[in-house]
Amino acid sequence: IFEAAKFLKPRAVAVFDSDLVSIAPIWIKNLLEPVLEGYDFVAPDYNRYKLDATITNTIAYHLTRSLYGYRIRQPIGGDFGLSLPLIRHYLEQDVWESDVAKFGIDIWMTITAIVDGFEICQSKLGVKVHGSKDPVSDLGPMFRQVMGTLFQLMETTHAFWKDTRGSRDIPTFGNYTDGTPVPFEINQSGLIEYFQVGFKNFGSIWQQFIEKDDFQVIEALAALPDEKDFHLPVATWIRIVYRYANAFHSTPRQRMKLLDTLTPLYYGRVASLVNELEAMEDHHIGEFFSSQAKEFEDMKDYLINLWT
C-alpha cells in the first residue's frame, strides 16, 4: 500500500485493520481530513470495551506517553491517516523484513512519527468492533512482537526519550459515532493458570532481576487460591516493565527468550485488570487508564537510573 501511494502520489492515505466490523464512512472522513489540513499522522481514538485492547491498556499507551511525552490513546490501534511525506519516510527505513512489519508495525509507525518530527493528531472514530482476541489463546505472539519492537525503539531513540519529562495532549478531531462497546468474556482462569505455569518455569529468572519486594508479590499471587483476590499492583507492574526494558537493553543475545518470560507476567496484569475493572462504570475507564499512565511518567526516573 505504501509503495502504491509513493507511485500514485495521493494527498492523503488511510489504512485499516482487516478484521473491522464497525468501519463506517465517517471513519474515512475523520482519518483523512486532518491530513488534508496539514497533519502527517492521525491516530485513532476509539470507544472500546474496558477489557478490550489489553496490550494497549497495560503497556503500549503507558510507555508511549511516559517515554515520548505524547498522550496518544491508541498507539497500536491499526487504523491510521497518513501524509505522503510520512509514507515516503517509512519506506526509507530498513525494517520491512523484520518483526516491525508484523505486529510491531503500528507502534513503530507511531513512535517514528513522533521522534522524526512529523505533525501528529488523533481522531475519534467511535466504537471499534473487530475480531476480538482472547489474551490467553491469541495475543502471545502479538505481545512479543509489539514489546520487542517497543524495546528496540527504546534503544534507537534513547537520545529523544531520556530527557523527555511529563506528557501533553495532542489535537483531537472528529466526533464519536453512536454506539456502545459490546462486552465480551475474558478467560481469567486461563490467564492466572498461564501466570502460575510461568512462575514455575521462570520464577528463578524473575528472581534475578525483579526487585525483591516485587518478586514476593509475584510469589504470593502464584499461590493465591481465589482468583477474585488476584491483584497485581500497578507500581509493581511498572517496575517490572522498566526492569524488562533495561534487561532487553543490556542482554542483546537473549532478547527473544527474555520476552517469553515477560508474557506470563503480562497475563497476570490482565487477570488483575479483570478484577479492578469489574464494577467500574464505562465513563470512568478513560480516567483509570490515564492515571496509570501518569504513574508510569512519575516513575520514569526509575528507568533512567537503571538504564544509565
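In the block above lies the structure referred to throughout.
The structure reproduced in this document is the subject of the present report. Keep in mind the model is a prediction, meaning the values are calculated, not measured.

What counts as what
Residues numbered from 1 in each chain as written. Predicted model: local features only at pLDDT ≥ 70, side-chain atom pairs only at ≥ 80, totals over all residues. Heavy atoms only, no water. Pairing = 2+ DSSP bridges. Helix = DSSP H or I, 4+ residues; strand = E, 2+ residues; numbered from the N terminus. Contact = heavy atoms within 4.5 Å. Axes fitted to C-alpha atoms, helices over the stretch in contact; angles between N-to-C directions. Core = buried A, V, L, I, M, F, W, Y, C linked by side-chain atoms within 4.5 Å. Buried < 20%, exposed > 50% of the residue type's maximum accessible area, 1.4 Å probe, protein only. Phe/Tyr/Trp six-rings, centres within 6.5 Å; stacked < 30°, edge-to-face > 60°. Parallel < 35°, antiparallel > 145°, perpendicular 65-115°, else oblique. Left-handed = near helix turned anticlockwise from the far one by under 90°. Nonpolar A, V, L, I, M, F, W, Y, C, P; charged D, E, K, R; others polar.

## Considerations on the sheet that holds strand β4 (residues 120-127)
So, point 1. The strand order across the open sheet built from five strands is β1-β3-β2-β4-β5, with neighbouring strands paired in mixed fashion. The outermost strands of the open sheet, each flanked by one partner alone, are β1 (13-15) and β5 (172-173).
So, point 2. Where helix α4 (residues 84-91) meets the sheet, it contacts β1, β2 (41-47) and β3 (80-82), and its direction lies at approximately 95 degrees from that of β3.
So, point 3. Docked against the sheet, helix α5 (residues 105-115) engages β2, β3 and β4, running at close to 45 degrees with respect to β3.

## Observations concerning the nonpolar core
So, point 1. If you look at the biggest cluster of nonpolar residues, it comprises 87 residues, and the most contacted ones within it are F41, L63, L82, F151, W237 and L265.
So, point 2. Sort the elements by how many residues they give to this core and helix α12 (residues 255-277) lands first, with 11 residues.
So, point 3. Here F151 is in contact with L63, V241, Y244, A245, F248, L259 and L262, once residues within four sequence places are set aside.
So, point 4. Judged by nonpolar contacts, the second largest core, of 10 residues, contains A12, L20, L31 and V42.

## A look at the packing of aromatic side chains
Two measures describe an aromatic ring pair: the distance that separates the ring centres and the angle between the ring planes.
So, point 1. This model, assessed by the stated rule, comprises 21 aromatic pairs.
So, point 2. Residues F151 and F248 carry aromatic rings whose centres are separated by 5.4 Å and whose planes lie at 55 degrees to one another, so their mutual orientation is tilted. Taken together, the residues F151 in helix α7 (residues 140-156) and F248 in helix α11 (residues 234-250) connect sequence positions 97 residues apart.
So, point 3. Among the residues examined, F248 registers a relative accessible area of 1% and is labelled buried.
So, point 4. With 6.2 Å between their ring centres and 55 degrees between their planes, F199 and W206 make a pair best called tilted.

## As for the environment of F184
So, point 1. Mapping F184 onto the fold places it in the loop between β5 and α9 (188-209).
So, point 2. Here F184 falls in the partly exposed class, since its relative accessible area comes to 21%.
So, point 3. The spacing of F184 and Y49 is 135 residues in sequence and 8.2 Å in space, taken between C-alpha atoms.

## Quick word on α4
So, point 1. Buried residues of α4: L84, L86, I87, H89 and Y90, and no others.
So, point 2. Tucked inside the fold, the buried residues of α4 contact α1 (2-8), β1, β2, β3 and α5.

## Quick notes on the packing of α7 against α12
Helices that pack against each other are described as a pair by the angle of their axes relative to one another and the distance between those axes.
So, point 1. Two elements in contact, α7 and α12, have axes separated by 9 Å at closest approach and are oriented at 120 degrees. As judged from the angle between their axes, α7 and α12 are oblique. Considering the relative orientation of α7 and α12, their crossing is right-handed. Residues G140, F143, R144, M147, G148, F151, Q152 and E155 of α7 form the contact with α12, whose participating residues are R255, M256, L259, D260, L262, T263, Y266 and Y267.
So, point 2. Taken together, the residues that form the contact of α7 with α12 break down as eight nonpolar, four polar and four charged.

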